[in-house]
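Examination of the molecular architecture
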Amino acid sequence: WYQRRVRGEEVVYETKEDAKNAFKQLLKDKSVPSTATWEQAMKQISADKRYNAIPKLNEKKQAFNAYKTQKAKEEKEEERQAAKEAKEKLYEYLISHPHMNSNMLYRKAHELLESHKEWSVVPERDRKDVFEDAIFFLSKKEKKEETELRAKQKEELAILLEDVKEITYKTTWADAQEVLSSYKPFKNNILFENIDKEDMLVVFMEHIKALELDFEDEKQKKFAKERRAQRINRDSFIKLLNELHEKKKLDSTSLWADLYSIVSKDTRYGVMLGQPGSTPLDLFKFYLEDLKSTMHEDKKTIKEVLKQANFEVEPDTSYEKFHSIISASDKTRGIDKGNIKLHFLSLLEKAEAREKEAQRAEERKLKRKEAAFKHMLKDANPPITTDDEWGKIKSRFEKDPAYMAFSDDDKSRSKLFKEFAASLEPESNSDDYSDKHKKKRHKKEKKHKHRAKRSPSYEMTGSSDEDRKKKQKKVADEPSEEEKEEPKKKEKKAKKKSKKKKKEKNVHDSDSDNDKK
């Protein structure tokens, strides 16, 4: 079926599909349009041997209709592609045209470009879309160019301002504008012809900030330099104090008034004067505090040395003796002389306190012994009288512990006996007692009388019955306080009423005068 002889030539197709494709290729080679009819196509393809590839007419027509459908699609795609290419060419044409810009209107562009093929070949609807896209692109492009130009202008202006020595960190914007208007590198540069004032101000402010930072850096460097010099001066003065300490002219107990005559002659003291911060006197005080700060450790060392030497400070110990023992040891070689002296005074004060405490203990012991002795005399049987003599009766108490507590001190015993005997004298003691008692009683009576006179019942109690009755009658006849106040109250009320009447009369008279007017 697929092997056909056409005009003496045999054409062979392996499948039916190959035959259909050959027929469609024939239509394509003859450029049969998608709008052609079967009759029109017959005239173009009937002479070709591939026309008979499909033996049946209805199958040929089916293949022809399939070709037309495919051809229509291809032609539509070609048209779309051509329109796309035309739009792209118009877009490129518009964005590269020298007279085009982002402010161009469509109407003006149509008047300008209607005779050009790139413009006329695109339909108006598509043309407007392409025009809007081109305007949007030009707008972005112009903005980008403007941004780049402004950035370049700002960069160049920043470089230029660095060369203008007249502009400092104190220069104002108004003064800077005057300087730049007469500055030739700025005036003759085309780049700065249309420079934005705000951009200029921004660059100027940044330049001023940079100048201020430079100024502050210089100021800080200068300040740091001064501080360094001041610190060196302080270190030198402390070195001077160390030298004086090594020479034993300065210790923790030294006074500034005593040291001033030595220090004031040194140049290291002179350079300290007038500079801020710690004064020479402050440094002197700090130095003494540092010396005293080692006092606790120094005390431990001194105690160890004294313990090794088996030496204890007494109230009568001299500083020279104490110092000779301390300085003999190698352990105390680095201890400050003032700290040694302070510790000596502390130990001396403790020794004196111990001695005083021992004295007070002895006094308390003696008082207890004396009290026990007197108690022994008081409890004597038979009792001691004022006529007894110590020499005659002491043998009665020789074995008593209170007697033996005084050991061989019979003088003290005799003295205590006399004191005890004196306390037994009745007359003198009774006289003294009665005198004191009389004085106290007299004072109480005097006080009592003074209070009685102030009380209202004193007169009643201190007079006779007749006088009392007369006074009571007199009191009854006299008017009470309320009765005395009543006439005064009535008089005040009368005065108030008269004043009120006068006021009412005055008001009435004034009203009548007003009515007359």
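Rules behind the numbers
Residues numbered from 1 in each chain as written. Predicted model: local features only at pLDDT ≥ 70, side-chain atom pairs only at ≥ 80, totals over all residues. Heavy atoms only, no water. Patch = residues over 30% accessible without salt bridge, like charges linked within 9 Å, V, L, I, M, F, W, Y side chains within 5 Å. Areas by Shrake-Rupley, 256 points an atom, 1.4 Å probe, with all protein chains shown as cover. Salt bridge = Lys/Arg side-chain N within 4 Å of Asp/Glu carboxyl O. Lys, Arg positive; Asp, Glu negative; His and termini not counted. Charge placed at Lys NZ, Arg CZ, Asp CG, Glu CD. Helix = DSSP H or I, 4+ residues; strand = E, 2+ residues; numbered from the N terminus. Core = buried A, V, L, I, M, F, W, Y, C linked by side-chain atoms within 4.5 Å. Buried < 20%, exposed > 50% of the residue type's maximum accessible area, 1.4 Å probe, protein only. Contact = heavy atoms within 4.5 Å. Arc of directions from axis to C-beta. Phe/Tyr/Trp six-rings, centres within 6.5 Å; stacked < 30°, edge-to-face > 60°. Lys NZ or Arg CZ within 6 Å of the ring centre and 35° of its normal.

Examining a negative patch on the surface
- A surface patch of negative charge is lined by E212, D214, E216, D217 and E218.
- Its location among the elements puts E218 in helix α9 (residues 197-246).

As for the nonpolar core
- Formed by 17 residues in total, the largest nonpolar core has its most connected members in L90, L94, M100, M104, W119 and F131.
- Secondary-structure elements contributing two or more residues to this core are α3 (57-96), α4 (106-113) and α6 (124-163).
- Leave out the neighbours within four places in its chain, and L94 touches M100, L113, W119, V130, F131 and A134.
- In this structure, L180, F186, I195 and V203 belong to the second largest nonpolar core, which totals 16 residues.

Considering helix α14 (residues 319-327)
- Every buried residue belonging to α14 is among Y319, F322 and I326, and all of these are buried. Down the axis of α14, the sector holding all buried residues measures 65°, keeping them to one side.
- Looking at the packing, one finds that the buried side of α14 touches α13 (295-309) and α15 (337-378).

Overview of the environment of A380
- For A380, the position within the fold is in the loop between α15 and α16 (390-393).
- Residues A380 and F397, spaced 17 residues apart in sequence, show a C-alpha to C-alpha distance of 8.6 Å.
- Excluding its chain neighbours within four sequence positions, the residues that come into contact with A380 are R396 and F397.

A short note on the packing of aromatic side chains
- Under the counting rule described, the total for this entry stands at 16 aromatic pairs.
- Aromatic side chains W390 and F397 sit 6.4 Å apart centroid to centroid with 10° between the ring planes, which places their arrangement in the stacked category.
- By relative accessible area, F397 is classed as buried at 6%.
- Ring pairing ties together the aromatic residues F373, W390, F397, Y403, F406 and F417, which thus form one cluster.
- Looking at R413, its charged tip hangs above the ring of Y403, at a distance of 3.9 Å from the centre.

Section: helix α2 (residues 38-45)
- Three or more residues of α2 are buried, namely W38, A41 and I45. The buried side chains of α2 occupy one side of the element, clustering within an arc of 60° when seen end-on. Pointing more than 90 degrees away from the buried face of α2 are the exposed residues E39 and K43.

Digging into the pattern of salt bridges
- Taken as a whole and assessed by the stated rule, the structure comprises 10 salt bridges.
- One salt bridge connects E419 with K374, and the closest N-O pair in it is separated by 3.1 Å. In this pair, E419 is assigned in helix α18 (residues 410-423) and K374 in helix α15, connecting sequence segments 45 residues apart.
- The class of E419 is partly exposed, set by a relative accessible area of 36%.
- Among the residues examined, K374 registers a relative accessible area of 32% and is labelled partly exposed.
- With a shortest N-O distance of 3.2 Å, R413 and D410 are connected by a salt bridge. Taken together, the residues span about one helical turn, with R413 and D410 both in helix α18 at a distance of 3 residues.
- A residue is classified by how much of its surface remains accessible, and R413, at 3% relative accessible area, is buried.
- One salt-bridge network, in which partners are shared between bridges, spans E243, D266 and R268.

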